[in-house]
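Descriptive structure summary
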Amino acid sequence: MQCPACRTTPLQPTKLDDGLLAHGCPQCSGALVALLYYRDWAERQPQNDEPQAPVAVEAASESQQALSCPKCAKLMSKFQISGTHGNRLDLCSSCDEAWLDNGEWQLLKALELSHKMPSIFTEAWQRKVRQQASEEARRQRFARLVGDEAIARADDTRSWLKDHPQRRELLFYIGHE
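The notes below deal with the structure included here.

Cut-offs used in this document
Residues numbered from 1 in each chain as written. Predicted model: local features only at pLDDT ≥ 70, side-chain atom pairs only at ≥ 80, totals over all residues. Heavy atoms only, no water. 1 Å grid on protein atoms, 1.4 Å probe; cavity = no way out; pocket = protein on both sides within 12 Å on 5 of 7 lines; lining within 4 Å. Points joined across faces, edges and corners; volume = space filled by probe spheres on them. Helix = DSSP H or I, 4+ residues; strand = E, 2+ residues; numbered from the N terminus. Nonpolar A, V, L, I, M, F, W, Y, C, P; charged D, E, K, R; others polar. Expected span 1.5 Å × (residues − 1). Buried < 20%, exposed > 50% of the residue type's maximum accessible area, 1.4 Å probe, protein only. Contact = heavy atoms within 4.5 Å.

**Some points on the layout of surface pockets**
Reported here for the second largest pocket is a volume of approximately 240 Å³. When residues of the lining of the second largest pocket are traced back to their parent elements, those giving at least two are helix H4 (123-146) and helix H5 (148-162). Taken together, the residues of the lining of the second largest pocket sort by class into three nonpolar, no polar and five charged.

This is how it looks when you write it as structure tokens:
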């Protein structure tokens, strides 16, 4: 099998994590992961419900062009990871194989999504990502208008009001001078 990103480099067996095997590209450091093996790996991982210490998110590379599956040569579909990160995972729906560009596995781990990878390929996840991206764009637009400090204060007020028992009354009061 040839690397779908480099197109000329043969893929070699590699390991993404303890017990998670993949086919990696020695040139671009991308990896092809069989979701069958991934699901088996994820089921064997201990469930840790305690919050993880924050991990620095490093920039991961992203293949911009459409990729062909190295197994069946069909085009792979791109699925965005989150609304705040531009990286997209590539999936061959015929072979159930995912392509992760260099650094995307580390990005999934940093975002605490390494055990949720199949969810990323669902319509519900993609809808949530689009909503996040839209909210972030709206937030950035308002930040340019009123400044970051004012937006931070508005976010604090918004979170305080969110579950307040007299939310409607307070919003009415704020809206009328």
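**Quick word on H4**
The first and last C-alpha atoms of H4 sit 35 Å apart over 24 residues, in line with the 34 Å expected at 1.5 Å per residue. Among all positions in H4, only Trp125, Gln126, Val129 and Ala143 are buried. Buried residues in H4 make contact with strand S4 (77-80), helix H3 (117-120) and H5. Once H4 ends, the next one or two residues include Gly147, with phi positive near 100 degrees.

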